[in-house]
Amino acid sequence: MQLTMTTDYAIRCLLYLSQNEGICTSQKVREYAAISSDEHTRKILRQLKYGGLVRSDKGANGGYALTRPIDKITFLDVLRCTEDSVKINRCLEEPNAEQSRKDEQLSVYRFYEKTQSLLEDYFGTVTLADIVRETVPTYERK
């Protein structure tokens, strides 16, 4: 599994916005995040806006700002905005997938479900503030 560059850029955008109180222009965000184009920057900011992490103000003094502090934004929140899917296998996206599996396939499907649950639980507890402070909780193996 590999995250897209969009996710990496989105995190950079959110971190920049968190450092600047008030409204920031997409150009300033782009410069900080080292994104190659204004168009790509605005696309990422739109994704974050639709995901409820960023707000935008129009007009001469317009720009972007966080909707909440980074200690309230989880890594999973960002993934849901930027990745096409947060599922580790496409079978987890299929409705009634469990019922359509043969016995030997069912055990693999249930493994994917458990792994997915672990990832979502973990990513849902790690905030951007944890990442910045390098206080990301350690996963404890049983």
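Bear in mind the structure is a predicted one, so any value in this text is a computation, not a measurement. (Residues numbered from 1 in each chain as written. Predicted model: local features only at pLDDT ≥ 70, side-chain atom pairs only at ≥ 80, totals over all residues. Heavy atoms only, no water.)

Peer 1: I'm lost on the pattern of salt bridges in this one. Help?
Peer 2: Side chains that carry opposite charge are capable of pairing whenever their charged atoms lie near each other. Enumeration according to the criterion identifies six salt bridges in this entry. Linking Asp8 and Arg12 is a salt bridge whose minimum nitrogen-to-oxygen distance equals 2.6 Å. Linking Asp8 with Arg12, this pair stays in helix α1 (residues 5–19), spanning four residues, or about one helical turn. Overall, Asp8 belongs to the partly exposed group, its relative accessible area being 31%. The closest approach of N and O atoms between Arg68 and Asp77, which form a salt bridge, is 3.2 Å. By relative accessible area, Arg68 is classed as partly exposed at 29%. (Salt bridge = Lys/Arg side-chain N within 4 Å of Asp/Glu carboxyl O. Helix = DSSP H or I, 4+ residues; strand = E, 2+ residues; numbered from the N terminus. Buried < 20%, exposed > 50% of the residue type's maximum accessible area, 1.4 Å probe, protein only.)

Peer 1: What is the right way to read unusual backbone geometry from this model?
Peer 2: With the exception of glycine, the majority of residues adopt a negative phi angle, and the majority of peptide bonds are in the trans configuration. Notably, Ala34 is not glycine yet its phi reads approximately 60°, a positive angle. If you trace the backbone, Ala34 turns up in the loop between α2 (26–33) and α3 (38–50). The backbone of Glu134 sits at a positive phi, close to 60°, despite the residue not being glycine. The exposure class of Glu134 is exposed, given its relative accessible area of 73%.

Distances and angles like these do not, on their own, reveal function.
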